[in-house]
Amino acid sequence: MDWWRILHILSMIWLGAGLGATYPLILKAWSAKDVQYQMYCLVEAANNETRVLVPGVALTGATGFFWGVAHEYNFLKDGWLLAMSVIYVFVFLVCMPLLGFGLRRARGAALVAAKKGQVTDELREVLDDRVPIVFGTVLVVSVPVMAWLAIFKPF
């Protein structure tokens, strides 16, 4: 096993840890009825997204790229690599920023509501918005799809 593969596997574990630390809190926040608990979950999810998930996604892409270069994979000959790269670019450039924006907005609204000691209209609006759930779900679904493409190389 070469070093790029080891680094890539470790970065995928980091990515999985980031998803596991962020996505369940998003689901808990939107399914809970207690506003204080929702605020706690949103703040923690936003913190975990910036501290664990973003570096895991970035490292997974970088180590995967260098591993592919080291093994001389070709986008034109290896269709699975092109498909996986397109999915990764979509996740990295679309889903991650929108997920982060939604979580930072939710964290800000939760902190303002906590400081005021009451549920604000902005917090209600944020809780009605499903952006973190939608893009978090896309991210969670895309990881097994990319893993399947890399393992089975269907085309």
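Okay, so let's go over this structure. (Residues numbered from 1 in each chain as written. Predicted model: local features only at pLDDT ≥ 70, side-chain atom pairs only at ≥ 80, totals over all residues. Heavy atoms only, no water.)

## Describing the nonpolar core
In globular proteins that are soluble, nonpolar side chains generally tend to be buried together. To be explicit about the condition: Within this scheme, the nonpolar core is defined by two criteria: the residues are buried Ala, Val, Leu, Ile, Met, Phe, Trp, Tyr or Cys, and they are joined through side-chain atoms within 4.5 Å. Whether a residue is buried, partly exposed or exposed follows from its accessible area with a 1.4 Å probe, protein chains only, as a fraction of its type maximum: under 20%, in between, or over 50%, in that order. Here a strand is any run of E in DSSP of at least two residues, a helix any run of H or I of at least four, and the numbering for each starts at the N terminus. Contacts: residue pairs with any heavy atoms within 4.5 Å of one another.
By size, the foremost hydrophobic cluster in this structure holds 35 residues, and its most contacted members are Ile26, Leu53, Leu99, Leu123 and Leu139. For this core, the secondary structure elements donating two or more residues are helix H1 (3–31), helix H2 (35–70), helix H3 (79–116), helix H4 (121–128) and helix H5 (131–152). Looking at this core, the element that brings in the most residues is H3, giving 13 residues. With residues up to four places along the chain from it excluded, the contact list for Leu53 reads Leu15, Gly18, Leu19, Thr22, Asn48, Met96, Leu99 and Leu139.

## Some details on the side chain of Arg107
Heads up, the condition is: In this count, Lys and Arg are taken as positive residues and Asp and Glu as negative ones, while His and the chain termini are left out. Any Lys or Arg side-chain nitrogen located within 4 Å of an Asp or Glu carboxyl oxygen qualifies as a salt bridge.
For Arg107, the location among the structural elements is in helix H3. For Arg107, which is buried and forms no salt bridge, the nearest opposite charge comes from Glu49, at a distance of 6.7 Å. Beyond its immediate sequence surroundings of up to four residues, Arg107 is in contact with Leu42, Val43, Ala46 and Asn47.

## Some words on the pattern of salt bridges
Taken as a whole, this structure holds four salt bridges when the rule is applied. Linking Arg104 and Glu49 is a salt bridge whose minimum nitrogen-to-oxygen distance equals 3.7 Å. Remark: Glu49 occurs in helix H2 and Arg104 occurs in helix H3; sequence separation between them is 55 residues. Asp129 serves as the salt-bridge partner of Arg105, at 3.0 Å between the closest nitrogen and oxygen. Highlighted residues: Arg105 in helix H3 and Asp129 in the loop between H4 and H5, separated in sequence by 24 residues. By sharing partners, the salt bridges in this structure join Arg105, Glu125 and Asp129 into a single network.

From the geometry alone we can't say anything about function, so treat these as descriptive.
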